[in-house]
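# Structural features, examined
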Amino acid sequence: LLLAIRFFATFAATPPTTWSQFVVMQSVTLIMLLAGPALLMTFLLTRGPRETLSLRRPTMLSVPLAVLLALAMHPAAMWVATGIQYLYPIDERMAGQLQQIQSLIASAPSKWFVLAVLALMPAVCEELAFRGFILSGFRHMGSRWRAIVISSLFFGLTHGILQQSISATLVGMVLAYIVVQTGSLWTSVAFHFVYNSLGLAAFFLA
């Protein structure tokens, strides 16, 4: 259902031409089309929303360790992403769209605003949907590794572009494993936020 909503919304939406339009599109996509339906289904279809979403208090060291793991993994993940783009080059039309989005990001009035829209918001909304509702549902099938792989594949598919989908699937497996091991969604939110922030930092430094 989430994938179908995302798919048809992509065709209905018009490409943003200003930073404000991009913020609106990002907010609608993440909050109303991803986290919103996941939260709605959680409260309608489950008996314990907090347990389903893994909103347990993390242990003292789990969040700092998740942050350190994001810092340690990001360079290797960027190297893998570069290799994926080498094997599967992005076509000119898609490259032009990505350049337009990068121009919109560069035109943002504040880098803190960019951090909130492209690092914090995805970290919270995507984790609630994929490592909260979806991962929890697949774990009822009995195999945690099957749940980790399938939920990560769904996470990758929502990124649209093949190259991003492959990278997102791999990162999604790490995020899902973190939640399974720690029992808390907050650890994956911390990892996701730091991971996205490092990508933005590299973009602005470049």
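What this report covers is the structure whose coordinates are included nearby. (Residues numbered from 1 in each chain as written. Predicted model: local features only at pLDDT ≥ 70, side-chain atom pairs only at ≥ 80, totals over all residues. Heavy atoms only, no water.)

## Notes on the side chain of Ser 54
Relative to the helices and strands, Ser 54 resides in the loop between helix 3 (49-52) and helix 4 (62-87). When its relative accessible area of 7% is taken as the criterion, Ser 54 is described as buried. (Helix = DSSP H or I, 4+ residues; strand = E, 2+ residues; numbered from the N terminus. Buried < 20%, exposed > 50% of the residue type's maximum accessible area, 1.4 Å probe, protein only.)

## Some remarks on helix 9 (residues 185-205)
Here helix 9 is 21 residues long and its end C-alpha atoms lie 30 Å apart, about the 30 Å a rise of 1.5 Å per residue gives. Those residues of helix 9 not exposed but buried are Leu 185, Thr 187, Ser 188, Val 189, Ala 190, Phe 191, His 192, Val 194, Tyr 195, Asn 196, Ser 197 and Leu 200. At its buried positions, helix 9 is contacted by helix 4, helix 6 (111-139), helix 7 (144-157) and helix 8 (162-182). One side-chain oxygen of the residue at the start of helix 9 lies 3.3 Å from the amide nitrogen of Trp 186, identifying that residue as Ser 184. (Expected span 1.5 Å × (residues − 1). Contact = heavy atoms within 4.5 Å. Polar contact = N/O pair within 3.5 Å; in protein donor to acceptor, adjacent residues only side chain to side chain.)

## Observations regarding the nonpolar core
Ranked by size, the top nonpolar core spans 25 residues in total, and within it Leu 2, Leu 34, Ala 129, Phe 130, Phe 133 and Leu 135 carry the most contacts. Sorting the residues of this core by element identifies helix 2 (19-45), helix 6, helix 7, helix 8 and helix 9 as the ones contributing at least two each. With 9 residues, the single largest contributor to this core is helix 6. For Phe 130, the residues in contact, after removing those within four places along its chain, are Leu 34, Leu 135, Ser 151, Phe 154, Phe 155 and Thr 158. Counting 11 residues, the second-largest nonpolar core is a separate cluster that includes Val 23, Ala 108, Val 114 and Leu 200. (Core = buried A, V, L, I, M, F, W, Y, C linked by side-chain atoms within 4.5 Å.)

## Points about helix 8
Along its 21 residues, helix 8 runs 30 Å from first to last C-alpha, staying within 8% of the 30 Å computed at 1.5 Å per residue. Once helix 8 ends, the next one or two residues include Gly 183, with phi positive near 75 degrees.

## Examining the pattern of salt bridges
Counting across every chain of the model gives 1 salt bridge. As a salt-bridge pair, Arg 131 and Glu 127 come within 2.6 Å of each other at their nearest N and O atoms. With Arg 131 and Glu 127 both in helix 6 and 4 residues apart, the pair spans about one turn of that helix. The same class applies to Arg 131 as to Glu 127, namely buried. (Salt bridge = Lys/Arg side-chain N within 4 Å of Asp/Glu carboxyl O.)

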